[in-house]
Amino acid sequence: MKAKLALIFSAALLAGCVQAPLSPRISANGAIKWANGINEEMHISTSGSTLTFAAPQSLFSQAGITIFSRIDSARNGNCEHYYSEQAVKTRMQICDNGEVTLIVEGQVVNVGALARYDY
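Reading the values: the criteria
Residues numbered from 1 in each chain as written. Predicted model: local features only at pLDDT ≥ 70, side-chain atom pairs only at ≥ 80, totals over all residues. Heavy atoms only, no water. Helix = DSSP H or I, 4+ residues; strand = E, 2+ residues; numbered from the N terminus. Contact = heavy atoms within 4.5 Å. Areas by Shrake-Rupley, 256 points an atom, 1.4 Å probe, with all protein chains shown as cover. Core = buried A, V, L, I, M, F, W, Y, C linked by side-chain atoms within 4.5 Å. Buried < 20%, exposed > 50% of the residue type's maximum accessible area, 1.4 Å probe, protein only.

Regarding the overall build of the protein chain
If you tally the helices and strands in the protein chain, you get 1 helix and 8 strands. Moving toward the C terminus, one meets the helices and strands of the protein chain in the order α-β-β-β-β-β-β-β-β. Considering only contacts within the protein chain whose residues lie at least 6 apart along the sequence, 29% involve residues at least 24 apart. Here the protein chain has roughly 8500 Å² of accessible surface; of this, 58% comes from carbon and sulfur atoms.

Things to note about the nonpolar core
I32, W34, M42, I44, L51, F53, F68, Y82, M92, I94, V100 and L102 together form the largest nonpolar core, which totals 12 residues. Once residues within four sequence positions are removed from consideration, I94 is found in contact with L51, N78, C79, E80, Y82, E99, V100 and L114.

Here we look at the environment of T50
With respect to the helices and strands, T50 occurs in strand β3 (residues 50-55). Measuring from C-alpha to C-alpha, the distance between T50 and I71 comes to 9.8 Å, with 21 residues separating the pair along the chain. Leaving out residues up to four positions away in the same chain, T50 has contacts with H43, I44, S45, I67, F68 and S69.

Written as C-alpha cells, this is what we have:
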C-alpha cells in the first residue's frame, strides 16, 4: 500500500513539474473575422508584404507561426494575393474593401473581413 501511495505521489509531483510549451506571441495590428465566427489576430508588416499569424498549441496541432507573403505579380484589380510559406497551396486574397478569401488547393475554405487596428 505504501508503494502505491509513493508511486501516486511521485507521479503527481512529476506532473506538476511539466510545463506546457509557450504559445508564440505576435504584436497584432490587425485581425480577420471569419464567417464561421472565429477572430484571428495577425501582424501586418509595414510594407504590407507579409501577414504573420500566431497559432496556439491545441490538442491536435503544434503551436507555431504562419507567415503569408504577398505575390506581387498576382495583384488584380483591387485585390492582393498572398501564399503561405509553410503550405504553398494555401493562398489568401485580400481586397481593398476588407474582404478576405482563404483558398486551399484551389478551393475556397473560408471568407471573412479584415480589420486593421489604429494606435
